[in-house]
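# Examining the three-dimensional arrangement
Spelled out, the chains give:
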Amino acid sequence: MARGVKQVKRVNPAPAARGAKAVALRTKARSRRSPWRVLGWMAAFGTVSLVSAFAGMSVVLLSPFQAEQGGDTQASFFEVMTRSLQGKMSRPINLLVLGVDKVLDAPEGSPESFRGRTDTILLARFNPDDNTITVLSIPRDSRVDIPGYGVDKINAANVYGDVPLAAKVVSQTLNYTPVDRYIRIGPGAFRALVDLVGGVEVNVPKRMYYSDHTQKLYIDLYPGLQTLNGEQAEGFVRFRYDDLGDIGRAQRQQMLIKALQTKLANPVMLTRLPQLHEVLQKHVDTDLTFGELMAIAQFSLRTDPENLRMILLPGRFSGDGYDASYWLLDYDGIDRIVETYFATRSRSVSASPTWSESGSVRIALQNASGSPDAAQDMADFLYHHGYSNVIISDDWHQEAAATEVLAQQGDLGAAQMVRSVLGVGRVSANSTGVISSDVTVRIGRDWVDILH
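All values derive from a computational prediction rather than experimental measurement.

A separate point is the pairing of strand S5 (residues 150-153). Both faces of the sheet carry side chains from a regular strand, because those side chains alternate between them. Where strand S4 (residues 143-146) meets S5, four bridges bridge the pair, whose relative direction is antiparallel. Residue pairing for S5: Arg-143 is matched across the bridge by Lys-153. Two successive antiparallel strands, S4 and S5, enclose a turn made up of three residues, where Gly-148 displays a positive phi of approximately 90°.

Here we take up the pattern of salt bridges. A complete count under the given rule lists 12 salt bridges for this structure. Linking Arg-336 and Asp-411 is a salt bridge whose minimum nitrogen-to-oxygen distance equals 3.7 Å. Here Asp-411 lies in the loop between strand S17 (404-406) and helix H13 (412-422) and Arg-336 lies in helix H10 (residues 331-342), a separation of 75 residues in the sequence. Note on Asp-411: relative accessible area 7%, which makes it buried. Taking the shortest distance from any N to any O, the salt bridge between Glu-404 and Arg-442 comes out at 4.0 Å. Within this pair, whereas Glu-404 is found in strand S17, its partner Arg-442 is found in strand S19 (residues 439-443), the two being separated by 38 residues in sequence.

Let's shift gears to the confidence of the model for the chain. Per-residue pLDDT for the chain averages 75, and the proportion of residues at 70 or more is 69%. Within the model, the stretch residues 1-85 combines pLDDT values under 50 with 248 contacts to residues more than four positions away or in other chains.

The next subject is the sheet that holds strand S2 (residues 118-127). A sheet is described by the order of its strands in space; here six strands give the open sequence S11-S6-S1-S2-S3-S12, paired in mixed fashion. At either margin of the open sheet sits one strand with a lone partner, and together these are strand S11 (284-286) and strand S12 (308-312). For this sheet the average axis-to-axis angle between neighbouring strands, irrespective of direction, equals 20°. Bridge count for strand S6 (residues 181-185) against S11 is three bridges, and the pairing is antiparallel. What sits directly across from Arg-184, in S11, is Asp-285. Against the sheet, H10 touches strand S1 (93-100), S2, strand S3 (132-137) and S12, its axis set at about 155° to S3.

Turning to the pairing of S1, a few remarks are in order. Of all eight residues making up S1, eight are buried, and the element is well covered by its neighbours. What you see with S1 is no split at all: Ile-93, Leu-95, Val-97 and Gly-99 on one side and Asn-94, Leu-96, Leu-98 and Val-100 on the other are buried throughout. Note: S1 against S2, eight bridges, orientation antiparallel. Following the sheet pairing, Leu-96 is matched in S2 by Leu-123. Of the pairings in the sheet, the one linking S1 to S6 comprises five bridges and is parallel in character. Opposite Val-97, over in S6, you have Ile-183 as the bridge partner.

Taken as a whole and judged by the stated rule, the model has four aromatic pairs. Ring plane angle 10° and centroid distance 4.3 Å describe the contact between Tyr-149 and Tyr-160, whose orientation is recorded as stacked. Here the residue Tyr-149 occupies a position in the loop between S4 and S5, and Tyr-160 occupies one in helix H3 (residues 157-173), the gap between them amounting to 11 residues. A relative accessible area of 29% places Tyr-160 in the partly exposed class. Measuring from ring centre to ring centre gives 5.2 Å for Phe-317 and Trp-327, while their planes differ by 80°; the resulting arrangement is edge-to-face.

If you trace the backbone, Val-144 turns up in strand S4. In this structure Val-144 comes out as buried when scored by relative accessible area, which is 6%. When near neighbours in sequence (up to four residues on either side) are disregarded, Val-144 contacts Gly-150, Val-151, Asp-152, Ile-154, Val-169, Thr-173 and Leu-329.

Okay, unusual backbone geometry next. The phi angle at Asn-175 is positive, at roughly 55°, despite the residue not being glycine. When its relative accessible area of 41% is taken as the criterion, Asn-175 is described as partly exposed. Positioned with a positive phi, Tyr-176 is a non-glycine residue whose angle comes to about 65°.

So, about H3. Under the 1.5 Å per step criterion, the end-to-end length of H3 is only 12 Å for 17 residues, more than 12% shorter than the ideal 24 Å. Roughly 110° is the biggest bend found in H3, and it falls at Val-163, with proline Pro-164 one to four residues downstream. Three or more residues of H3 are buried, namely Ala-157, Asn-158, Val-163, Leu-165, Ala-166, Ala-167, Val-169, Val-170, Ser-171, Gln-172 and Thr-173.

Attention shifts here to the nonpolar core. Core analysis: the largest hydrophobic core is formed by 57 residues, its most contacted members being Leu-174, Ile-363, Leu-365 and Val-441. Ranked by the residues each element gives to this core, the list is headed by H3, at seven residues. For Ile-363, the residues in contact, after removing those within four places along its chain, are Leu-382, Tyr-387, Asn-389, Val-390, Ile-391, Val-418, Val-439 and Val-441. In terms of nonpolar packing, the next biggest core, distinct from the first, is built from 21 residues, Val-197, Val-200, Ile-219 and Phe-236 among them.

What follows concerns helix H12 (residues 374-384). Among the 11 residues that make up H12, eight are buried, leaving the element largely enclosed by the rest of the structure. On the buried face of H12, the contacting elements are strand S15 (363-367), strand S16 (390-392), H13, S19 and helix H14 (445-451). Looking one or two residues beyond H12, the residue adopting positive phi is Gly-386, at roughly 95°.

Rules behind the numbers
Residues numbered from 1 in each chain as written. Predicted model: local features only at pLDDT ≥ 70, side-chain atom pairs only at ≥ 80, totals over all residues. Heavy atoms only, no water. Pairing = 2+ DSSP bridges. Helix = DSSP H or I, 4+ residues; strand = E, 2+ residues; numbered from the N terminus. Salt bridge = Lys/Arg side-chain N within 4 Å of Asp/Glu carboxyl O. Buried < 20%, exposed > 50% of the residue type's maximum accessible area, 1.4 Å probe, protein only. pLDDT = per-residue confidence, 0-100. Contact = heavy atoms within 4.5 Å. Axes fitted to C-alpha atoms, helices over the stretch in contact; angles between N-to-C directions. Phe/Tyr/Trp six-rings, centres within 6.5 Å; stacked < 30°, edge-to-face > 60°. Expected span 1.5 Å × (residues − 1). Bend = angle between axes of the 7 residues up to and from the residue. Core = buried A, V, L, I, M, F, W, Y, C linked by side-chain atoms within 4.5 Å.

Right, here's the structure in full:
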């Protein structure tokens, strides 16, 4: 059993009105509340969201463009944008996104200010072959081998060897997946980006209050659906007392990506691109050009929001027995992620034959239907269809009309298999579900409707 996962109860199958009772567990994963620094996380996620909405979160080299780019450096902003929107991506591109922690005594925007530890590491893939955007989140405490420095946390690579070493480590960790371009974001970007778009609407799951005069951090949020400004959104993802520590924060950041993408899908936001450019110039170090960012706006605008896939690098908490707290990589899971999402010719999405035959896929149920019996009803149903490895987790904090089947570990084939058995739900690839599951089903009211 993974560290911090507590088995509460197991129910043996027995006859009942709706069938035999399924195996039911209530889980709650808790990690040590270490004082992790996450300002870089927020800057990177905010920037990626904006780049996603305006420019496909992509990097496009001049060479893949099917339309030739102009070279007039004196062209106006709107002339550049108009020319760029004529360009199209001709191959998938991988963009490395690094959110950098504050470097003491380094002037803002200086080269030294971007040499801090990377509290956010993302690899975003923009694939014109199937019009998808995949964002892989790599936990900062991932235990890796850094060439020339030995085994360490992956967030140290940027300190040891700048961007080239950080990119090399990410590439080798992902079976030598190529990194085409990079973007590093300083700690001042997040508030500016959220305020630029007029705030983001999210559902705050619980009361969040925290005050730290040393860090000048003041968080005071109440539960419920609301629009957060830059300062509040920063608090939403910096809140320290989450059950899953940094992984829990990563999940909330995925929620913010969705919220920002929804907000920025409005074409009116294109009028704010000049201001976005100013923010990027002040807080970002990248080998992208402004023309490249504009050129991939077309890809962003024609990419369905449902084709944004957010995945957490497979692994587990290290627990005791190590010299530090690590995220230990699941190399079999990494092989699957790379083959499915990052390979030159990605394999088709299909379920593991073993899972299909034995029903051993780990399924977690989160009740968002408003009906107190919905999760147990679904557990019963899955048990009768051969799935005994099912847990009932805490209810989701917001009721939902439609059921969502989440590929928690990025395995869309397994999620589609579960969806086909249930006969209800929408499949999506994101890691906001139960960390110990392969598939998390967030039960909506549509499940209750079909039972009656």
